[in-house]
Amino acid sequence: MNTKKQFFTTPIYYVNAKPHLGHAYTSIAADVATRFKQMEGHETYFLTGTDEHGDKIVQAADKQKTTPKEYADKISQLFQDLLPLLNIKNNQFIRTTNPDHIRIVEAILSKIYDSGDIYFSSYEGLYCFGCERFYQERELVNGKCPDHGVEPQAIKESNYFFRMSKYQDWLINHIKTNPGFISPVQYETEILSFLKEPLEDLCISRPKTRLTWGITLPFDEKYVTYVWFDALVNYISALGYPDGDLFKKFWPNTRHFVAKDIIKPHGIYWPIMLKAAGIEIYNGLNVHGFWNVQGSKMSKSVGNVTDPIKVTEVYGVDPFRYFLMREMVFGLDANFTEDTIVSRINSDLANDLGNVFSRILSMNQRYFKGEVKGADTKIEKERNLSLALDAQTAIDGFTKAMSQCEFHKGISAIWQFISILNKYIDTNEPWALAKDDASAATLETVLYNLIEGLRVVSCLIYPIMPQTSLSMQKTLCMAKTEDSFYTLEELSPWGQIKKGTLIAKPDSLFPRIDTDKIKPKIPVKASKPFKPALKDEITIDDFAKIDLRTGTIIKAEKIEKSDKLLKLLVDLGAETRHIIAGIAKTYTPEDIIGKQVIVVANLKEATLMGEVSQGMILAATHKKRLVLSGFDTEIVPGNPVK
Ligand SMILES: [Zn+2]
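Rules of the game
- Residues numbered from 1 in each chain as written.
- Predicted model: local features only at pLDDT ≥ 70, side-chain atom pairs only at ≥ 80, totals over all residues.
- Heavy atoms only, no water.
- Phe/Tyr/Trp six-rings, centres within 6.5 Å; stacked < 30°, edge-to-face > 60°.
- Helix = DSSP H or I, 4+ residues; strand = E, 2+ residues; numbered from the N terminus.
- Buried < 20%, exposed > 50% of the residue type's maximum accessible area, 1.4 Å probe, protein only.
- Lys NZ or Arg CZ within 6 Å of the ring centre and 35° of its normal.
- Axes fitted to C-alpha atoms, helices over the stretch in contact; angles between N-to-C directions.
- Parallel < 35°, antiparallel > 145°, perpendicular 65-115°, else oblique.
- Left-handed = near helix turned anticlockwise from the far one by under 90°.
- Contact = heavy atoms within 4.5 Å.
- Nonpolar A, V, L, I, M, F, W, Y, C, P; charged D, E, K, R; others polar.
- Core = buried A, V, L, I, M, F, W, Y, C linked by side-chain atoms within 4.5 Å.
- Patch = residues over 30% accessible without salt bridge, like charges linked within 9 Å, V, L, I, M, F, W, Y side chains within 5 Å.
- Areas by Shrake-Rupley, 256 points an atom, 1.4 Å probe, with all protein chains shown as cover.
- Salt bridge = Lys/Arg side-chain N within 4 Å of Asp/Glu carboxyl O.
- Pairing = 2+ DSSP bridges.
- Expected span 1.5 Å × (residues − 1).
- Arc of directions from axis to C-beta.
- Polar contact = N/O pair within 3.5 Å; in protein donor to acceptor, adjacent residues only side chain to side chain.

**A word on the packing of aromatic side chains**
Part 1 of the reasoning: The final tally for this structure, using the stated rule, is 32 aromatic pairs.
Part 2 of the reasoning: When the centroid spacing of 5.1 Å and the interplanar angle of 40 degrees are considered together, the rings of Tyr322 and Trp415 count as tilted. Placement of the pair is Tyr322 in helix α12 (residues 317–327) and Trp415 in helix α16 (residues 407–428), with a sequence separation of 93 residues.
Part 3 of the reasoning: For Trp415, a relative accessible area of 11% puts it in the buried group.
Part 4 of the reasoning: The lysine or arginine in question, Arg206, covers the ring of Tyr226, its NZ or CZ lying 3.7 Å from the ring centre.

Right under this line is the structure:
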């Protein structure tokens, strides 16, 4: 059999904290994509796992008075336990403390070292121990790490560096000549724009005097390798690079699923590492956005983590999977609130899917005691009663969207078909047909088409809601085994439910959640919601009095006596203006030259610290500092902002 092969991965999750919603989403998205690929007839292999080395693990273990290994064992187990709860069917769970993984990391390091792309050099810089990274001065806020609020320490040390710069042009060309290598396209643009700047070589080691919890460099035992050369290699060590059967079978037909915060390591370091090691480049990186909980990014360091296990316990695994896939446009950020989950369950699952399922099968019970009667092809044709074409449209729309990881669109194609089933019932009024014996064959035909419609729906929802798919198929007497599904090829032909099949009255698929009775059940530890009292309402005419324009900052300088103010020269197209802005604590003059801003152009002139200000630029307070508003694309200065 000549099946196509596809390898799917999640990132390996760092074991410095328990799994949260973000991890659950990446894993579910990769699982949905894998199951869909199987429906397309591909042989798949799905890898997930944990990343277990580094300073943070040592620190976390110290806090709990345990060893790094014991600590890693414990947290890794939490990630492993989560998978069956989310109904994720991975083929392997890799841990970077596995001896096989360590051996392969060493082999690749040696290979690249021997070829001359790893070199020894000294480096001096400001290091934040919390972040495990060096900072540029300009990245600091008031001299402190923006994440940890502590001053980084000046460190000088010799380390090993990976010569990434050498491969910069190659990578740009590789991305440009392989459309879809990084998707959705906005992330390809982001990487290419990053690559317009000279690429720095990557520090890949830490001296053992500072860190011992890592893989010893094969060419210098005084050092361990650091982060990415360890973590990224998991994708091929898991497959048994270089000679393993899995590696030969699946590599490089790979789709890596990652969140947007690790796009650089995956879109830049990883392909260059592969290139330098003489390994074929993986063929796809799929990047998704963040879940915001009450408007703040889901992240372990902020402490607003929502526990996916809790959500699953309260609402069920299929509704949770459905919600995540339906609510987020893959690639963009989305909001997570309990209200939205409840409303999706009630409207999409209970009302649409659950209702159409029980409505159709109840009628079949009432009129035919549950027996499938079959369609009368003559009547079907005459009265245009076939739903075959609508089903095919749904299958096609679903397939196209899912193959591009547009999960929300794939789901929407199924739900459009569900809405067609409901309309079909309303138009054909089976209850009216049932009153007239002469319409018996028409009624049989109508119900047969509806039941066939349910069959198609039950097959299409499989990647997103495998349990619901199975449960519908059991009711329809078409389930294969506990763990199987219908391929697109198998499910497509119309008319597969056999005449004479006895279908029992169905249980409710999704009980409605009574919104009056529920109180928030999922503890959401969010950062304090920011709800300033709104000012008095204004009319559109009031608003129109403010002349907002796009402006480009062409000059910026500090104002002597002030640590808050910057004096800016702003290009407004037809003229330039001097504007005094209180942003000196956030931005240095070099930071903002060339930046595009929104200017209040008809504000009365004012004098600040002896300087005339001819307008104002818009900014918002974030963590006690002002952040400038702007645009996500370049705009001609002087354009009105509406
Ligand atoms: Zn830090």
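**Describing the packing of helix α6 (residues 185–194) against helix α10 (residues 263–276)**
Part 1 of the reasoning: The interhelical angle for the contact between α6 and α10, taken along N-to-C directions, is 60 degrees, at an axis separation of 11 Å. Between α6 and α10, the angle is such that the two are oblique. Considering how the two elements wind past one another, α6 and α10 form a crossing that is right-handed. Here α6 contributes Tyr187, Glu190, Ile191 and Phe194 to the contact with α10, which in turn contributes Ile263, Lys264, Gly267 and Ile268.
Part 2 of the reasoning: For the contact of α6 with α10, the class distribution of residues is five nonpolar, one polar and two charged.

**What to know about unusual backbone geometry**
A negative phi holds for most residues other than glycine; trans holds for most peptide bonds.
Part 1 of the reasoning: Note the cis peptide between Ser183 and Pro184, where omega equals -5 degrees.
Part 2 of the reasoning: With respect to the helices and strands, the residue Pro184 is situated in the loop between β7 (182–183) and α6.
Part 3 of the reasoning: The peptide bond linking Tyr241 to Pro242 adopts the cis configuration, its omega dihedral lying at 0 degrees.
Part 4 of the reasoning: Along the chain, Pro242 turns up in the loop between α8 (234–237) and α9 (245–250).
Part 5 of the reasoning: For Asn87, which is not a glycine, the phi torsion comes out positive at approximately 60 degrees.
Part 6 of the reasoning: Assignment of secondary structure puts Asn87 in the loop between α3 (68–85) and β3 (92–95).
Part 7 of the reasoning: Residue classification places Asn87 among the buried positions, given a relative accessible area of 18%.
Part 8 of the reasoning: With a phi close to 50 degrees, Asn142 is a non-glycine residue in the positive phi region.
Part 9 of the reasoning: On the accessibility criterion, Asn142 (59% relative accessible area) is exposed.

**Concerning the side chain of His101**
Part 1 of the reasoning: For His101, the location among the structural elements is in helix α4 (residues 99–114).
Part 2 of the reasoning: Not counting the four nearest positions on each side in its chain, His101 is found in contact with Ile94, Arg95, Thr96, Ile215, Asp230, Val233, Asn234 and Ser237.

**Focus: the nonpolar core**
Part 1 of the reasoning: Counting 105 residues, the largest nonpolar core has Met325, Leu353, Phe398, Phe407, Trp415 and Leu450 as its most contacted members.
Part 2 of the reasoning: Among the elements that line this core, the one with the most residues is helix α13 (residues 338–368), at 12 residues.
Part 3 of the reasoning: In contact with Leu353, other than residues within four places in its own chain, are Asp348, Trp415, Ile418, Val457, Ile461, Met465, Met472, Leu509 and Phe510.
Part 4 of the reasoning: Core analysis: the second largest hydrophobic core is formed by 59 residues, Leu109, Phe181, Leu202 and Val258 among them.

**Overview of a nonpolar patch on the surface**
Part 1 of the reasoning: Taken together, the side chains of Ile538, Phe543 and Ile546 define a hydrophobic patch exposed on the protein surface, amounting to about 260 Å² of accessible area.
Part 2 of the reasoning: With respect to the secondary-structure elements, Ile546 resides in the loop between α21 (540–544) and β17 (548–558).
Part 3 of the reasoning: The class of Ile546 is partly exposed, set by a relative accessible area of 40%.

**Brief notes about the sheet that holds strand β12 (residues 254–259)**
Part 1 of the reasoning: One open sheet accounts for six strands, arranged β3-β2-β1-β12-β13-β7; its pairing is parallel. Here the strands that pair on one side only, and so sit at the sheet edges, are β3 and β7.
Part 2 of the reasoning: Bridging between strand β1 (residues 5–14) and β12 involves three bridges; their strand directions are parallel. In the sheet register, Thr9 faces β12, and the bridge partner there is His256.

**Side note on the pattern of salt bridges**
Close approach of charged atoms allows side chains with opposite charge to pair.
Part 1 of the reasoning: Summed over all chains, the structure comprises 25 salt bridges.
Part 2 of the reasoning: Here Lys222 makes a salt bridge to Asp220, at a shortest N to O gap of 3.4 Å.
Part 3 of the reasoning: Note on Lys222: relative accessible area 56%, which makes it exposed.
Part 4 of the reasoning: For Asp220, a relative accessible area of 10% corresponds to the buried category.
Part 5 of the reasoning: Of the charged contacts, one joins Arg577 and Glu575 as a salt bridge, the two residues approaching to 3.2 Å between their closest N and O atoms.
Part 6 of the reasoning: Its relative accessible area of 38% is what places Glu575 among the partly exposed residues.
Part 7 of the reasoning: Several salt bridges share partner residues, and in doing so they unite Glu52, Lys69, Asp73 and Arg95 into one network.

**A look at the pairing of strand β25 (residues 625–628)**
Part 1 of the reasoning: Looking at chain direction, strand β24 (residues 619–622) and β25 are connected through four bridges and run antiparallel. Bridging across to β25, His622 finds its partner in Arg625.
Part 2 of the reasoning: Hairpin connection from β24 to β25: two residues lie between these consecutive antiparallel strands, with Lys623 at a positive phi of about 50 degrees.

**What about the environment of Ala544?**
Part 1 of the reasoning: Checked against the element boundaries, Ala544 lands in helix α21.
Part 2 of the reasoning: Residue Ala544 is classed as exposed on the basis of its relative accessible area, which comes to 57%.
Part 3 of the reasoning: Counting along the chain gives 278 residues from Ala544 to His266, while the straight-line C-alpha distance between them is 46 Å.

**Regarding helix α15 (residues 388–403)**
Part 1 of the reasoning: Between its first and last C-alpha atoms α15 spans 22 Å; for 16 residues at 1.5 Å apiece the expected length is 22 Å, and the two agree.
Part 2 of the reasoning: Turning to α15, its buried residues are Ala391, Ala394, Ile395, Phe398, Thr399, Ala401 and Met402.
Part 3 of the reasoning: Packing partners of the buried residues in α15 comprise α1 (21–39), α16, α18 (440–460) and α20 (488–491).
Part 4 of the reasoning: At the C-terminal side of α15, Cys405 shows a positive phi close to 60 degrees.

**Digging into α4**
Part 1 of the reasoning: Here α4 contains 16 residues, and its C-alpha end-to-end distance of 22 Å stays within 8% of the 22 Å for a straight helix at 1.5 Å per residue.
Part 2 of the reasoning: Turning to α4, its buried residues are His101, Ile104, Val105, Ile108, Leu109 and Ile112. Down the axis of α4, the smallest arc covering the buried residues is 140 degrees, so these residues share one side. Exposed and facing more than 90 degrees away from the buried side of α4 are Pro99 and Asp114.
Part 3 of the reasoning: Two residues or fewer after α4 comes Gly116, characterised by a positive phi angle close to 95 degrees.

**Some thoughts on the environment of Thr96**
Part 1 of the reasoning: Here Thr96 is to be found in the loop between β3 and α4.
Part 2 of the reasoning: The sequence separation of Thr96 and Leu109 amounts to 13 residues, and the corresponding C-alpha distance is 15 Å.
Part 3 of the reasoning: At 2.8 Å, the side chain of Thr96 and the backbone nitrogen of Glu52 are in polar contact.

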